Structure formats: C-alpha cells, structure tokens
Amino acid sequence: MPSKTTTAALALLATTASAQLYPGQSNLNHTCLLQKPLLSCPEQDPTVVDSCCVETFGGLLLSTQFWSTYTGGESSGQFLPTDTWTLHGLWPDFCNGSYTQYCDLTRQYDPIPSPNTTTGLPNGTAVLPYTGPNIGTFLEPFGKHDLLSYMNTYWIAQNQDNPGFWGHEFSKHATCFSTFNVPCYGPQYREHEEVVDFFETAIKYYQRFPTFTWLAAAGITPSNSTTYSYADILKPLREQTKAVPFLGCTGPRFNTTPQGSNSTDTGFTVLSEVWYYEHVYGRPQEMNVVPVNASASYLTNCAKSVGAIRYPERTNGSEKVPSVAY
Ligand SMILES: *[C@@H]1O[C@H](CO)[C@@H](O)[C@H](O)[C@H]1NC(C)=O
Ligand SMILES: *[C@@H]1O[C@H](CO)[C@@H](O)[C@H](O)[C@H]1NC(C)=O
Ligand SMILES: *[C@@H]1O[C@H](CO)[C@@H](O)[C@H](O)[C@H]1NC(C)=O
Ligand SMILES: *[C@@H]1O[C@H](CO)[C@@H](O)[C@H](O)[C@H]1NC(C)=O
Ligand SMILES: *[C@@H]1O[C@H](CO)[C@@H](O)[C@H](O)[C@H]1NC(C)=O
Ligand SMILES: *[C@@H]1O[C@H](CO)[C@@H](O)[C@H](O)[C@H]1NC(C)=O
Ligand SMILES: *[C@@H]1O[C@H](CO)[C@@H](O)[C@H](O)[C@H]1NC(C)=O
Ligand SMILES: *[C@@H]1O[C@H](CO)[C@@H](O)[C@H](O)[C@H]1NC(C)=O
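Residues numbered from 1 in each chain as written. Chains lettered and ligands numbered in written order. Predicted model: local features only at pLDDT ≥ 70, side-chain atom pairs only at ≥ 80, totals over all residues.

If you check an unreviewed UniProt entry, the chain appears there as ribonuclease T2 from Periconia macrospinosa. The record in UniProt for the chain states the following under Sequence similarities (unreviewed entry): "Belongs to the RNase T2 family." (UniProt positions renumbered as here; feature names shortened; annotations may be inferred.)

As structure tokens, then:
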C-alpha cells in the first residue's frame, strides 16, 4: 500500500500533468546544431520550429541581480559576497513584456510559492508548497559540489535559505522556458538534468554583468553618507551593455523623505535591483544574445530627482570575502 505522501504525490501529479508547457512533446530529434538558431522575439511558433532549440515561450530574457544589505541568515553562515551584486535569476518574459509563472507543476520545488496560484489570482491553479529534499541536493548525484559552492557564494536569498530561493527561481521561472523542457534532453534524460542546466545558464548570464565593478569604475560605490542620481547609476550600465536595464529601488518614496519634501517625485530611494534584458538566437543556453532596452513603460521605479538615491553599504557582519571566483 502506498504511503500517504506517495498517494498525495501521485494525486498531485495526476491533476497537474497537463500543466506542462507543451503536453505530449516528443523527446526525439532535438539536435539543435542541425537547426536554424532563430531569434526568440518576435515570438516563434512552436508548431513550426523546435521549441527545444529556439526559445518559443519566453523569448524576452531578464538576467536579474540584487543589491541587499543583509541576508537574515548570517547566524547560519549565509553571507553576501563583498563588492558583488548577487544573482537573482534568469527569467523568460513573453516578447510583449508580460509573463507567466509556475508553468510545469510536476516540477514544483519551491517551498514558499509566491504567488500561491499560477495566475496570482484566487481562481488560478494552486501552487502547493514543496516539502521534499531541497533543490540544492539535486546537484549531488551530478557531482556538482563546485556549482553548489558557487551558488552559496553568489546566489543569495534574503530572509530564506538559499536552496529554497533557488527552488523558487527554478519552478516559478525556469519551467516557463521552452528550451529547459524535459523532452529536450532526449530519451536518456537523467532526473533533474535540466535543473543543473538552468542553474549553470543563469550563472553564465550573471557573469556577463559585473554590476558592482561597472558602477565602481564610474565612481559609484556603496555609501551611507552619499546619495546618487538615477541618471548617473544608469549611465555606466547602459554604456557597458548597450541597452537600458531596469533599475529597481525600495525604501521610502522620495516625496516622503526630508530631502524630497517639496518634490512630486514618488520614486523609491534605495537601490536594490537591476534587470538586464535580451533576445537570444537559438537556445538561451548558448548565449547568442541581442541586448534590448527594458520596457519604455517600466524603466525604473526609482526616484529620478538629482541625488535622490541611496546605494547602501552592507550591514556590518553580513558580508564575506568570496573564496570562490566570480
Ligand atoms: C525523428 O527523425 C527521424 C529521421 O529524420 C524521422 O524519421 C522521425 O519521424 C522523427 N521522429 C520524430 C518524433 O520527430
Ligand atoms: C503577450 O504575449 C502572450 C504570449 O503570446 C499572450 O498570451 C498575451 O496575451 C500577450 N499580452 C498582451 C497584453 O498582449
Ligand atoms: C478569475 O478571476 C479574474 C478576476 O477576478 C477574472 O477576470 C477571470 O475571468 C477569472 N477566471 C476564471 C477562469 O474564472
Ligand atoms: C493563497 O494565499 C492567500 C493569502 O494568504 C490565501 O488566502 C489563499 O487561500 C491561498 N491560496 C492557495 C491556493 O493556497
Ligand atoms: C521646501 O520648501 C520650503 C518653502 O519654500 C523651504 O523652506 C524648504 O527649504 C524646502 N525644502 C527642501 C528640502 O528643499
Ligand atoms: C534604447 O534606449 C536608448 C537610450 O534611451 C535609445 O537611444 C535607443 O534608441 C533605444 N534602443 C531601442 C532599440 O529602442
Ligand atoms: C548602511 O545603511 C543601511 C540602511 O540603509 C544599514 O542597513 C547598514 O547596516 C548600513 N551599513 C553600515 C556599514 O553602516
Ligand atoms: C560598521 O563598522 C564600521 C567599522 O568597522 C564602523 O565604523 C561603523 O560604525 C559600523 N556601523 C554600524 C552601523 O555598526
């Protein structure tokens, strides 16, 4: 007789199998070198091109990074790498800038689904919390201890353990890439192979964008006694990437701060995120990318007034000098 968990898992599988990106997709003949590496946007038709070799679902790639000042897990050895922004994820938006999430619930490894339905609406399909072995353990049978150690250095969660965050990134976002679909890996697919592939790919993109170094070269370094302007932060990033990234801020709105008390600028004032946008030829894994600007309607939520933005120093004791190279 199956255990309670097995029964529950089977029931879950049965109700969610149809949540795969392309149900019934064959695992044969995905030899991408024999195919044309078409551009991911405008959207390609998966009934005409091989969705394993061309990104046909989420053609607008966002390589995203965080600047945060603490992890909340310092007491258990979870630190931020000095002089480095941390990896957030690699996201597949639709070419028009909208997106979906949790596209294959048979690969739900996120212990804290957010949102908790596929649409984010109460009537969407429920995304149940994952309670199995954390996604970091998936790397062990592949002997990827070095990858795990890189991820524990640069792919850092806030107020959550790192593997839970990686599981969130994988299940919410990576399952919405056509090229990380399980059938793409052929009949000899090894369980979780695409998880490893996604982690490595997200890291390859992350390495292309050394945000801290680019900002520092322009004289923009974390400081709790200086403020910066949106335009000054954007400039070196735009010059380096040949495109306009999205800059994200948190903290108080400028017009609620003493400095902005007479201002109508409602942008946020603490620098916290950057999203680099790209289209890609062929598989995102090969990185034949074309940089593109962030959506003109959503370039930033940061305040644009002169000197409105803080780029805070990390909290004392929250940083560690990385022992693994970027
Ligand atoms: C795979 O390719 C072979 C050789 O081109 C072809 O005969 C076969 O029909 C293809 N199978 C599928 C499922 O695409
Ligand atoms: C954006 O593209 C997706 C995928 O083709 C489509 O489902 C969605 O309706 C589009 N959204 C808008 C606002 O056009
Ligand atoms: C779900 O709810 C939204 C908004 O409440 C509504 O627009 C949509 O039609 C509903 N979808 C279904 C499938 O009921
Ligand atoms: C999602 O979260 C909301 C708010 O916490 C809760 O009311 C709702 O029941 C949850 N839905 C599911 C499917 O878990
Ligand atoms: C806001 O305006 C008042 C009145 O004109 C002025 O006294 C004050 O210095 C201004 N504050 C700032 C931060 O510019
Ligand atoms: C991207 O933004 C830059 C700077 O605002 C602008 O000069 C350029 O034309 C934009 N590129 C495209 C393709 O829209
Ligand atoms: C810098 O300021 C932030 C708050 O914005 C604080 O969390 C951090 O601890 C400060 N860092 C140092 C080194 O004082
Ligand atoms: C952080 O440490 C520096 C020197 O190590 C010290 O000057 C500063 O006061 C500390 N900041 C906080 C918020 O404790």
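*Asks:* Give a detailed account of helix 2 (residues 145-154), specifying residues and quantitative values.
*Replies:* Of all the residues in helix 2, the buried ones are L148, Y150, M151, T153 and Y154. In this structure, the buried side of helix 2 is in contact with strand 2 (80-81), strand 3 (86-93), helix 3 (162-172) and helix 4 (193-208). (Buried ≥ 20, exposed ≤ 12 C-beta atoms within 10 Å, placed from the backbone. Helix = DSSP H or I, 4+ residues; strand = E, 2+ residues; numbered from the N terminus. Contact = placed C-beta atoms within 7 Å.)

*Asks:* Requested: an account of the pairing of strand 3, with residues and values cited.
*Replies:* Burial of strand 3 is extensive: 8 of the 8 residues sit out of reach of the surface. Two elements, strand 1 (residues 60-66) and strand 3, share 7 bridges in a ladder whose sense is antiparallel. Within the sheet, the bridge partner assigned to T64 lies in strand 3 and is G89. (Pairing = 2+ DSSP bridges.)

*Asks:* Can you tell me about helix 6 (residues 230-241), naming the residues and giving the values?
*Replies:* Relative to the 16 Å expected for 12 residues at 1.5 Å per residue, helix 6 spans 17 Å between its end C-alpha atoms, a close match to the ideal helical length. The set of residues buried in helix 6 consists of Y230, I233, L237, Q240 and T241. Each buried residue of helix 6 sits inside an arc of 120° when the element is viewed along its axis, so together they form one side. Exposed positions of helix 6 whose direction lies more than 90 degrees from the buried face are A231 and E239. Tucked inside the fold, the buried residues of helix 6 contact helix 5 (211-217), strand 4 (223-228), strand 5 (246-253), strand 6 (268-281), strand 7 (288-292) and strand 8 (309-311). Phi turns positive, to about 60°, at K242, one or two residues after helix 6. (Expected span 1.5 Å × (residues − 1). Arc of directions from axis to C-beta.)

*Asks:* Mind laying out the confidence of the model for the chain, listing which residues take part and the relevant values?
*Replies:* For the chain, per-residue confidence averages 94 on the pLDDT scale, and residues scoring 70 or more make up 94% of the total. Confidence over residues 1-18 falls short of pLDDT 50; this stretch has 7 contacts with residues more than four positions distant or in other chains. (pLDDT = per-residue confidence, 0-100.)

*Asks:* Describe the UniProt feature "active site" (unreviewed entry) in the chain, listing the residues and the values that go with them.
*Replies:* What UniProt calls "active site" (unreviewed entry) maps, in this numbering, to H88, E169 and H173. What stands out for the annotated residues spanning 86 residues is how close their C-alpha atoms remain, the widest pair being 11.3 Å apart. Mapped onto the secondary structure, H88 falls in strand 3. Of the residues examined, H88 has 24 C-beta atoms within 10 Å and is grouped as buried. Contacts of H88, omitting those with residues within four sequence positions, involve T64, Q65, F66 and E273. Here E169 shows up in helix 3. Residue contacts for E169: discarding those within four places in its chain leaves G89 and A174.

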